[in-house]
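Observations on the three-dimensional arrangement
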Amino acid sequence: MNVNYLPKKFLGCESSFEDADFIIFGAPFDGTTTFRPGTRFAPQTMRIESIGLETYSPYFDLDIEDYNVNDNGDLDLPFGATQSALDIIQEQAKKIFDSNKKPLMIGGEHLVSLPVIKEAFNKYPDLHIIHFDAHTDLREEYLGEKLSHSSVFKRVWDFIGDNKIYQFGIRSGTKEEFYWAKEGHVYINKFNFDTLKEIVNSLNGKPVYFSIDLDVLDPSIMSGTGTTEAGGVSFNELINAIKEVSTLNIIGADIVELSPHYDHSGVSTAVACKILREMLCAMITNN
Ligand code: MN
Ligand code: MN
């Protein structure tokens, strides 16, 4: 294959940074991954595979080519230097929010959400979080490290506080995490999206950051991730949930934890690309 034919931008995201309302960028960092690493390859692999998608979404009846979206490429992140990597991501997020644009980040492991949510909170003090994941990600620390993809929403809670984080699809975590959340700190809807509608109604008009860890999907459709967890949601359930969230004021979003090389069929990457397109549509539709 002639590499000149490989897309350098995610499908249909050709606007300049200045013209764009939405900025896609990659944060290819997997330095704190607890099990199988490889998410650093996600953004570039998704760009290449996105050529198999259409720019038109039949789910939203919307063509992303009709909107101003910039794919800003990948950040250069120093592997093994967690804090420096997070600082670089935060700088990028600040630049985007300061320009009154909305970020849609491709991870990377889930820890990369932390600096973007920090900047979102700086801009929107009434920020609320919608988080889809198989895992609670509420550990206080992992092997003594407070900065871990398994503790990312505990670190978010440190500054955002109680009743701001809403998790769905959760089916794995320590007993301590589930019990701590239940004390009124973090809302957890286990296994599915049963109470999503009710929560979305309660967040109407508020600024919302939307984070999707792809392992919320069942491993039968998303084997390309570091920590697969059986019993996940189906693709159609996830699309319907994204449509539900699209009625909210989404000020930023991310899609994380695709680890493309664990699925040699390429299906996981193709699924991730489609989810990214629908997340973009969700942000566009209520902009
Ligand atoms: Mn996660
Ligand atoms: Mn997860």
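Scroll up to find the structure this text is about.
First things first, this report covers the structure right here in the doc. Here the residue numbering is sequential within each chain, running from 1 through the sequence in written order. Both sets of labels track the order of writing: A upward for chains, 1 upward for ligands. Totals for whole chains, interfaces and linings use every residue, but because this is a predicted model, local features are given only for residues with pLDDT of at least 70 and side-chain atom pairs only at 80 or more, for both listing and counting. With hydrogens and water excluded, all non-hydrogen atoms of the structure serve as input to the side-chain values.

1. Some points on the overall build of the protein
Looking only at helices and strands, one finds eight helices and ten strands in the protein. In this treatment the radius of gyration is a C-alpha quantity, and the globule benchmark scales as 2.2 Å times the residue count to the 0.38 power. Computed over its C-alpha atoms, the radius of gyration of the protein comes to 17 Å, within 12% of the 19 Å expected for a compact globule of 287 residues. Accessible area is worked out with a 1.4 Å probe on protein chains only. A residue is then buried under 20% of its type maximum, exposed over 50%, and partly exposed in between. Going through the 287 residues of the protein one by one, you find that 56% of them count as buried. Contacts in the protein between residues at least 24 apart in sequence constitute 78% of all its contacts with a sequence separation of at least 6. Split by element, the accessible area of the protein, about 11,800 Å² in all, is 48% carbon and sulfur. His residues and chain termini do not enter the charge count, which takes Lys and Arg as positive and Asp and Glu as negative. The location of each charge is read from NZ of Lys, CZ of Arg, CG of Asp or CD of Glu. Averaged over its 25 positive side-chain charges, the protein has a centre that lies 3 Å from the centre of its 42 negative ones. In this text, helices come from DSSP runs of H or I with a minimum length of four residues, and strands from runs of E with a minimum of two, each type numbered from the N-terminal end. Note on contacts: a residue pair is in contact if any heavy atoms of the two residues lie within 4.5 Å. Each accessible area value is a Shrake-Rupley result obtained with a 1.4 Å probe; residue values ignore everything except the protein chains displayed when judging cover.

2. Some details on the sheet that holds strand β10 (residues 249-256)
Reading across from one edge, β4-β1-β5-β10-β9-β6-β7-β8 is the order of the eight strands in this open sheet, with parallel pairing throughout. Looking at strand neighbours, the two that pair on one side only are β4 (69-74) and β8 (187-190), the edges of this open sheet. If you compare each strand with its neighbour and ignore which way they point, the axes differ by 15° on average. Strands pair, by our definition, only if DSSP identifies at least two bridges between them. One ladder, built from four bridges, connects strand β1 (residues 22-27) with β4; its direction is parallel. Counterpart to I24 in the pairing with β4 is D71. Helix axes are fitted only over the stretch in contact, all axes being lines through C-alpha atoms; the angle between N-to-C directions runs from 0 to 180 degrees. Along the sheet face, helix α1 (residues 42-49) touches β1, β4 and β5 (102-107) and points at about 135° away from the line of β4. In the packing of helix α4 (residues 152-160) onto the sheet, contacts are made with β6 (128-132), β7 (165-170) and β9 (207-213), and the angle to β7 comes to roughly 160°.

3. Brief notes about the coordination of the manganese ion (ligand 2)
Surrounding the manganese ion (ligand 2) are the protein donor atoms D133 (OD), H135 (ND1), D213 (OD), D215 (OD) and D215 (OD), at 2.1 to 2.5 Å. Each metal site lists N, O and S donors within 2.8 Å (3.2 Å for Na, K and Ca). With water left out of the atoms, a site can look as if it is missing ligands. When the donor residues of the manganese ion (ligand 2) are listed from N- to C-terminus, their spacing reads D-x1-H-x77-D-x1-D. The manganese ion (ligand 1) is placed at 3.3 Å from the manganese ion (ligand 2), the two being bridged by D133. With respect to burial, D213 and D215 carry one shared label: buried.

4. Observations regarding the environment of H135
Its place among the elements puts H135 in the loop between β6 and α4. By relative accessible area, H135 is classed as buried at 12%. Taking the C-alpha atoms as reference points, H135 and F168, 33 residues apart in sequence, are found 9.3 Å from one another. Discounting residues that sit within four places of it in the chain, H135 has contacts with I170, S172, D215, T227 and E229.

5. Description of the packing of aromatic side chains
Two rings belonging to Phe, Tyr or Trp (six-membered ring only in the last case) form a pair when the distance between their centres is within 6.5 Å. Interplanar angles under 30 degrees mark stacking, angles over 60 mark edge-to-face geometry, and anything in between is tilted. Counted by the stated rule, this structure contains nine aromatic pairs. Ring centres of F121 and F159 lie 5.4 Å apart, and the angle between their planes is 45°; this geometry places the pair in the tilted category. Here F121 is found in helix α3 (residues 113-123), whereas its partner F159 is found in helix α4, with 38 residues between them in sequence. Centre to centre, the rings of F132 and F168 are 6.0 Å apart; their planes meet at 85°, and the pair counts as edge-to-face. With F132 in strand β6 and F168 in strand β7, this pair connects stretches of sequence that are 36 residues apart. The burial state of F132 is the same as that of F168; both residues are buried.

6. Some thoughts on the side chain of E177
Its place among the elements puts E177 in helix α5 (residues 175-185). By salt bridge we mean one thing: a side-chain nitrogen of Lys or Arg within 4 Å of a carboxyl oxygen of Asp or Glu. Despite being buried, E177 has no salt bridge partner; R139 is the closest side chain of opposite charge, sitting 4.3 Å away. Polar contact criterion, stated in full: a pair of N or O atoms within 3.5 Å, where within protein one must be able to donate a hydrogen and the other to accept it, and residues adjacent in sequence count only if both atoms are side-chain atoms. One polar contact links E177 to T136, side chain to side chain, over a distance of 2.5 Å. Setting aside anything within four residues of it in sequence, one finds E177 in contact with T136, D137, L138, R139 and S150.

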